[in-house]
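Working through the structure, step by step
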Amino acid sequence: MNQHIFPASFIYDYLFRPLMVAFFTYGIGLGSVFGQTSAAMHQYDALINHFSEKGNLDRLFYYGKKKAALAQSADSLAVWLSVQKKMADTDAVFDSTQYALDFCRKVAADLWRSPRNAEESQMVMRLECTMGWHCKVLGQFLQSIQHYEAANKIYEQFRFPNFDVVTYIYKAQGNNYTKLGENEKALVIHNKALVLGGDPESLAGTYLNIGKAYHTRRDFGAAEIYFQQGLALTTVSDARKADLWCALAIVQMELQHYTQAVRSVETTFKLLDRAFKNKADRCYDCYSNASKAMASILLKMGKYKEALKYIDAALKEAQVESAQREIAKTLDTRANILIKLGQCEAAIITTNKALSIILPSFSPLSLDENPSIGSFYEENTIGEALDTKAKALMALCQKNKDIRWLHCAAECYDLAWKSDHKLRESYQYSSAKLELQNYVRERDELAIEVVYLLYQKTLDPQYIQKGFDIAERNKSALLADALQDNLLKQGLTDQDTMLRQITMMRRQRALYEIDLMIDPSNKDAPQWRNQKDALQKLITDLEQQISNKYGLGIETQEVQFAMNGGSTVFKGGTLVTYFITESVVNIFVFQDHQAPIWTTVAHDSNLRLLVQSYLRFFSDQDAILGQPEAYFKVAAQLAALLLPPAAYSGQALLIIPDGFAHFIPFEALLTTTPTANTTLRNAPYLIRSKPISYAWSFATWQQQQQLKHHPTDYLLGVAPRFEARQRGLSPLLSEKNEWETDKSHHSDQLLESKANYQGFLKSCEQYSILHLNTHAFADHPSRIELYDQALYLPEIFALSLQANLVVLSACQTGLGTNQKGEGVMSLARAFAHAGAACIISSLWSVNDRSTARLFKFFYEGIDAQKSTRDALQHAKLQYIDDLETNNTAQSPYFWAGFIMVGDDRTIAGAPTNQYALFWIAGLVICCFMLWFYRQKNL
C-alpha cells in the first residue's frame, strides 16, 4: 500500500521547489520593473542554492551573475563578492583547480573599487586566501605567497575576531616558504601561529610545520625537538600523530638512527590504520608519505629491493589524490633507488617522467633530451630531478662507455644550477640563499667531476671554461649580490629618499639580528624576529621600487671572459683559482696570451696532513722558531702541490681560494727546496718573487674594480688602546700610530675614549682609508672591539662605505665560519659587503709591536704612490730584510698573517685638500677681479 504514497522528498523536489523557482523568477522579474532592491538580490539565494545542490552549473552561474549584477549596480561589494564565492565554491568548479583559480582571478580583476569597510575587506581577504590555496595546490608557491601576503596585510589591519588566521593564512603561508626553501621566513610565520596557540590538534600541526622548516634547513636536532613536542600533546588525532611520527622518521634517518626511523614509520602505519578504519575514508596522501619515508630509509640502509617495493606502493597511493609536485618527488626517489640497482635507463626514464609532471611542456622522445630553461619556474623539484638524472647518465656512461651520456649529464647539472638560481632570486633572506648555496655546492662538486672527465677525453679547452664557471658560481654569491647593489647605488642620485630609507632599515634590522645572535632564548626573541621580518619585507619592497624606477636589477651577473690567446684575464699577472672537493683539489691557472691550465691534486690523507702541519706552524709565535727546518720542508712541499709551475710566471699573483686554501698564507710558502744555508731571513718565500693579492671570487674582484668611491676625507685611524683594560680587553700600546703617512695627506684619528661606537659610526663612511688598530674576534659572535662596546658583524654589513681601503689591524679579521658554497664569513668580508674596494685583514692573532713596524713600511709605500698590493709586498720585504728585525721577529708568523683581498688600487691624496685649493684659487681670482674693477673705476 505504501508504494503508492509519494515520499516527501519527491513532493519537495518535483512539486514545491519548481513552483518556488517559478515564483522567485517571476517575483524578480516584477522587481526589475519597480527597482532592483537588496531584497530582490536575496531572492536569488534560493535559486542559487537549489541549482548548486543539483549540480546544474549553467543555471547556478546564470542566477549568480544576475545577483552579482544587482549587487554591483547597488555598489554592494560585500554581496557581490559573496555570490562570486558561492559560484567558485561549487563542486563542479573545483573539479579543476586551474579553472577555479582562473575564475577567482577574474573576480579579482573585475573588482570595480577598493573595499571601504571591514566587511568588504574581509571578503577581499578571503578571496586572496582562496587564490593562495589554489596556487599552492598547483605548486605555484611564489604566486601563492603573494596572495597570502595580501590577505595577511588586510588581516593585520582589521584583526577580524572570528577569522582563524592560523589555519587560513599562517599555516599555508609558512608551508609555502618551507617548500620554496626560505626556512627562516617560514619559522617567523609558524612562530606567530605558535604564540596564538589553539587547541591541541592545531598546536600539534604548528609543531609539525616548525619541525619541517628546521628539517629543510638541515637543523635535524631542532626538528626532532619540535616533532617530539607535538607528539607529547594529549587529545591529538591519530592522523596528526601519524604525520608527526612520519616526519620524525625522516629526521632520524638523516641522523643515521636507522633502526629508530624504521620503528617510527611502523608506528605511522599503525596509527593510519586506526585513524582510517573505513576504507572509504582512507587518506591516500598519508599512506603515500609513510611508504615514501620507509623507502628513503631503506635506500639509506642499502636495502634497495625492499626500498623499491615501498616506493612503488607510495606511487600507487599517490596517484589517487596527491599533488603533482609530490608525485614528482616520489618518482625522483624511485629513480635514485633504480640507480643503486644498476637500472640506469629505467632511472633516466623515471626522472624524465618526474620532469614532465612539473614541466608539462617537456615531452622527451629520447633519454638524452632535456627540458628548456624557458619552462622553469620557482620550484626546487626541477633541480632535484635534473641532479638525479645526471647521476643516472653518469652511471650509464660508465656502463656502456658512450661519451654522449657525459655531455647530457653536464647539461643536466647546468640546467639544475639555472633552475636553482631562478629560485634563489625569489628569496628575501640571506639565510635561505646560504642554505641553497650549500646544497648547490654539493651537487656542483659532481658537476665539475663530469666536466673534468669530458676535458680529459676531448682535450677541448671549452671545458676549462666550463669547469671554471662551475667553480666560480659556487663562490661568494651573497657578497656579489651586495657589491652589485653598491654598483647600482653609485649610479643613482644621493638624494634618492628610498636609498636613505633602505640604509636606515638595514641598520635597524642589524640591531635585531644582534639581539637574536647574543640572546636567542630571550622572552622577547619572537617579537625581535617579527620586527626583523617586517623590516626585511619593507627593504625588499623598496629595492623592488628602485629597480622599477631606474629600470635596473640588483642581481649578480654571470662571469664571462674569453680564454683565447689574446684575452686579458689579469693584466700582467697570473690568476690561480681553487675548487676543492672531498677527493680532489681543482686548480685553474690563467695568464695573458697563454692557454689556460686545469690541473688536479688528490685531496687525500697525505695532503690533509700536510695542510694541518703547515697551519699548525702559525698556531703560536714559537711554533716556527722551534722547528725552522721542519717548517721549510712542509712549506716547500705544500707549494709544489698547490702552485703549478705556470703560477710562478707573471708580474703578480691573484689567488681565489676555496676550502682550506682560505686559511693558507701563500706568501710564506717556499718557491724552491730549502738548503742547509736557508734561514728565516733569506728563505725563498713566495712573497719575494712577486706581489700577491686575493679575491673572494672572480666576480667580486671585477665588481670591486668597478666601485667608484667619492670620499670627502683621506684617512681615519681608530685605536681604542684599552690602556685601563676596558671591558677586560688587553692593552694595545704600540709606541706610534700605525697609520703615519705623508703630512700633506690630511688624516683624522679616534684615539682611546674617542674611538667609541657612536664616534666610529658617525665618521667611518666619509674616508678613503679606514685603519682600525684594535681587538677583533672571529668566534661567535664575530665582532670588532671599540672603546665602549663591540661592533658586530650585522652592523658592519649595514654600513655604506666610501673606502678604497680598509686596514683591519686586529686578530683573526680574515677568519670566520667557512660556509660551504659561499666562503669564509669573516669581518673582512663584512667590510667588502659594506662597500670597501680593498681590505687588509689577518689570518691569526697578531703581535701588536711587529704589526706597527709592518704598517710603518706599508704606509711608506702608500705615500710613494705604490698600489695597495705592491705596498704590502714592500712592507713585508722591508720588515724581513730590516736589520732591526731580530731573529725571533723574522718568523713568518709575524708578517705573513696580513693579506690583501679585493681591488689593487693606488690611493689618491686627500680630496679635501684638493677642494681647499680650489676654494683658495677661487678666492684669489675674486680678489684680483675686485682689485681690477676698483683700479679701472679710479
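Residues numbered from 1 in each chain as written. Predicted model: local features only at pLDDT ≥ 70, side-chain atom pairs only at ≥ 80, totals over all residues. Heavy atoms only, no water.

**Points about the packing of helix α24 (residues 497-518) against helix α25 (residues 525-550)**
Closest axis-to-axis distance for the α24/α25 pair is 9 Å, and the angle between their directions is 155 degrees. Between α24 and α25, the crossing angle belongs to the class labelled roughly antiparallel. As for the relative orientation of α24 and α25, their crossing is left-handed in sense. Classifying every residue of the contact of α24 with α25 by side-chain character gives 13 nonpolar, five polar and eight charged. (Axes fitted to C-alpha atoms, helices over the stretch in contact; angles between N-to-C directions. Helix = DSSP H or I, 4+ residues; strand = E, 2+ residues; numbered from the N terminus. Parallel < 35°, antiparallel > 145°, perpendicular 65-115°, else oblique. Left-handed = near helix turned anticlockwise from the far one by under 90°. Nonpolar A, V, L, I, M, F, W, Y, C, P; charged D, E, K, R; others polar.)

**Section: the packing of aromatic side chains**
Summed over all chains, the structure comprises 29 aromatic pairs. Ring geometry for Phe468 and Phe588: centres 6.1 Å apart, planes at 80 degrees, overall edge-to-face. Of this pair, Phe468 sits in helix α22 (residues 462-473) while Phe588 sits in strand β2 (residues 584-591), placing them 120 residues apart in sequence. For the residue pair Phe468 and Phe588, the accessibility class agrees, reading buried in each case. Between the aromatic rings of Phe617 and Tyr631, the centroid separation amounts to 5.4 Å while the plane-to-plane angle is 85 degrees, which identifies the pairing as edge-to-face. Pair noted here: Phe617 is in the loop between α26 (605-616) and α27 (623-626) and Tyr631 is in helix α28 (residues 628-642), with a separation of 14 residues, a long-range link. Both residues of the pair, Phe617 and Tyr631, count as buried. Grouped by ring-pair contacts, the aromatic residues Tyr452, Tyr455, Phe468, Phe588, Phe590, Trp598, Phe698 and Trp701 constitute a single cluster. The aromatic ring of Trp405 is capped on one face by Arg404, whose charged end is 3.9 Å from the ring centroid. Of note, Arg441 hangs over the ring of Phe579, and the distance from its end group to the ring centre comes to 4.0 Å. (Phe/Tyr/Trp six-rings, centres within 6.5 Å; stacked < 30°, edge-to-face > 60°. Buried < 20%, exposed > 50% of the residue type's maximum accessible area, 1.4 Å probe, protein only. Lys NZ or Arg CZ within 6 Å of the ring centre and 35° of its normal.)

**A word on the environment of Glu785**
On the secondary structure map, Glu785 appears in strand β10 (residues 783-785). When its relative accessible area of 5% is taken as the criterion, Glu785 is described as buried. Considering only alpha carbons, one finds Glu785 and Leu729, 56 residues apart in sequence, at a separation of 8.8 Å. If we ignore the near neighbours within four places in the chain, the residues touching Glu785 are Pro720, Phe722, Arg727, Leu729, Thr774, His775, Phe777 and Ala790. A distance of 2.7 Å separates a polar atom in the side chain of Glu785 from a polar atom in the side chain of Arg727. Of note is the side chain of Glu785, whose polar atom sits 3.1 Å from the side chain of Arg783. (Contact = heavy atoms within 4.5 Å. Polar contact = N/O pair within 3.5 Å; in protein donor to acceptor, adjacent residues only side chain to side chain.)

**Some details on α26**
Between its terminal C-alpha atoms α26 stretches 16 Å, which fits the 16 Å expected from twelve residues at 1.5 Å a residue. Considered for burial, the residues of α26 that qualify are Leu607, Leu610, Val611, Ser613 and Tyr614. Burial along α26 is one-sided: seen end-on, the buried residues are contained in an arc of 160 degrees. Turned more than 90 degrees off the buried face of α26, the exposed positions are Ser605 and Leu609. Contacts made by the buried residues of α26 are with β2, β3 (597-602) and α28. (Expected span 1.5 Å × (residues − 1). Arc of directions from axis to C-beta.)

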